[in-house]
Amino acid sequence: VHFKGTAATTTLYFDELTYNAAAVAADQWRFDGSESWQNAANWQGPVPNAVGATANLFRRATGNSTITLASNITLGRLNIDNNAASYTVGGNAQISFDVASGSAEIDVVNRGTHTISTTTVRLLDNLIVDVDRASTLSISSNLTSTVARTLTKTNEGTLNLAGTINL
């Protein structure tokens, strides 16, 4: 269960709730260590790579991990949640953010420090980057777009942009 918001803005009601410790969220990276994004054995479900696809980098990693792109991928949403270890998404390839409608998203929660260091992050839609309080996301990739796009940072965490920006 992933909660977002504050006590002042969020009210939750549960009718029935069960817990299964063995359950794994769909579209989740399940390898504990550094490996290739394109290796299907590293994902619960298919390798995220399509317009609107979601990739979840949750608390499977017990040590800092680099997930390397061997070829270009497309995502609609990237969720990162790990305060015990850092994720780096890197490699000599490009991540394109593209959704069927609305804005693409990157969501970093739970006070982690993570990095995107691919060659390029290409915005095919506007991108909302939500970085939770005391979390940090560093994007050292070049940010590009073929038409004007907006990158909007929300929440109280830190977003570091170190590459060339051409939006």
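You'll find the structure just up there.
A brief report on the enclosed structure follows.

Cut-offs applied
- Residues numbered from 1 in each chain as written.
- Predicted model: local features only at pLDDT ≥ 70, side-chain atom pairs only at ≥ 80, totals over all residues.
- Heavy atoms only, no water.
- Phe/Tyr/Trp six-rings, centres within 6.5 Å; stacked < 30°, edge-to-face > 60°.
- Helix = DSSP H or I, 4+ residues; strand = E, 2+ residues; numbered from the N terminus.
- Buried < 20%, exposed > 50% of the residue type's maximum accessible area, 1.4 Å probe, protein only.
- Contact = heavy atoms within 4.5 Å.
- Pairing = 2+ DSSP bridges.

## What to know about the packing of aromatic side chains
- By the definition in use, this model includes three aromatic pairs.
- With a centroid separation of 5.2 Å and 80° between ring planes, the pair formed by tryptophan 29 and tryptophan 43 is classed as edge-to-face. A residue pair is termed long-range when its members are at least 10 positions apart, and tryptophan 29 in strand β1 (residues 28–29) and tryptophan 43 in strand β3 (residues 43–44) qualify at 14 residues. Residues tryptophan 29 and tryptophan 43 agree in their burial class; the two are buried.
- An aromatic cluster is present here, built from Trp29, Phe31, Trp37 and Trp43 joined pairwise through their rings.

## Overview of the environment of valine 89
- Along the chain, the position of valine 89 falls in strand β8 (residues 87–97).
- Overall, the relative accessible area of 1% leaves valine 89 in the buried class.
- For the pair valine 89 and serine 117, spaced 28 residues apart in the sequence, the C-alpha separation amounts to 6.0 Å.
- Sequence-distant contacts of valine 89, defined by excluding residues within four places in its chain, comprise Trp37, Leu57, Ile67, Leu69, Ile95, Thr115, Ile116, Ser117 and Thr118.

## Structural notes on the pairing of β8
- β8 sits mainly inside the fold: eight of its eleven residues count as buried.
- Relative to β8, strand β5 (residues 65–68) is paired through four bridges, and the arrangement is parallel. Within the sheet, the bridge partner assigned to threonine 66 lies in β8 and is threonine 88.
- Two elements, strand β6 (residues 73–75) and β8, share three bridges in a ladder whose sense is parallel. The residue bridging threonine 74 from the neighbouring strand is serine 96, located in β8.
- In the sheet, β8 pairs with strand β10 (residues 113–123) via eight bridges, with the strands oriented parallel. Across the sheet, the residue bridging to glycine 90 is serine 117, located in β10.

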